[in-house]
Amino acid sequence: QVQLVESGGGLVQAGGSLRLSCAASGRTSSILSMGWFRQSPGKEREFVVAINWIRGNTDYADSVMGRFTILRDNAKNTLYLQMNNLKPEDTAVYYCASRSGFSLRGAYDYWGQGTQVTVSS
């Protein structure tokens, strides 16, 4: 019902920046929250940040607070993740997700295919 496609990943040096995008299509009127998650080898999928699609309030993981910024463009049905001062431990596959509820830490319904972010030291 909702399709999500991430883009913008790549290889960067520690301290560098990347901007990820997530384009939503399909039944986008059902989206109330959107978030970014990441998964590195041998680890469980980790919450990064989420945003209330309607009101814009946010929830950031402590590990990215002050370095990452979540942005939305409702008119374009697009979600962004601006990542600054990247660290090697940020290396992961990054996924965007959506849900039809306002709980930013709740269970997400739809997921993108993921985009690889690699930070070298």
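Further up the page is the structure itself.
Keep in mind that what you see is a predicted model, and the values were worked out from it rather than measured. (Residues numbered from 1 in each chain as written. Predicted model: local features only at pLDDT ≥ 70, side-chain atom pairs only at ≥ 80, totals over all residues. Heavy atoms only, no water.)

## Some details on the nonpolar core
Piece 1. Within the largest apolar cluster, 34 residues are counted, with the highest numbers of intra-cluster contacts made by Met-34, Trp-36, Phe-68, Leu-79, Leu-81, Met-83 and Tyr-94.
Piece 2. Counting residues per element, the ones that place at least two in this core are β1 (2-7), β3 (18-26), β4 (33-39), β5 (46-52), β7 (68-73), β8 (78-83), β9 (92-99) and β11 (115-120).
Piece 3. Tallying contributions element by element places β5 first for this core, with 5 residues.
Piece 4. If we skip the residues at most four places from it in the chain, Met-83 touches Gly-16, Ser-17, Leu-18, Leu-20, Arg-67, Phe-68, Tyr-94 and Val-117. (Core = buried A, V, L, I, M, F, W, Y, C linked by side-chain atoms within 4.5 Å. Buried < 20%, exposed > 50% of the residue type's maximum accessible area, 1.4 Å probe, protein only. Helix = DSSP H or I, 4+ residues; strand = E, 2+ residues; numbered from the N terminus. Contact = heavy atoms within 4.5 Å.)

## Structural notes on the pattern of salt bridges
Piece 1. Tallied over the full model, the rule gives 4 salt bridges.
Piece 2. Arg-38 is the partner of Glu-46 in a salt bridge, and the nearest nitrogen-oxygen pair spans 3.0 Å.
Piece 3. Several salt bridges converge on common partners, so that one network encompasses Arg-38, Glu-46, Arg-67 and Asp-90. (Salt bridge = Lys/Arg side-chain N within 4 Å of Asp/Glu carboxyl O.)

## Brief notes about the state of the cysteines
Piece 1. Within the structure shown, the criterion is met by 1 disulfide.
Piece 2. Here Cys-22 connects covalently by a disulfide to Cys-96, the sulfurs 1.9 Å from one another. Disulfide Cys-22-Cys-96: torsion about the S-S bond near 55°, hence right-handed. A residue pair is termed long-range when its members are at least 10 positions apart, and Cys-22 in strand β3 and Cys-96 in strand β9 qualify at 74 residues. (Disulfide = S-S within 2.5 Å.)

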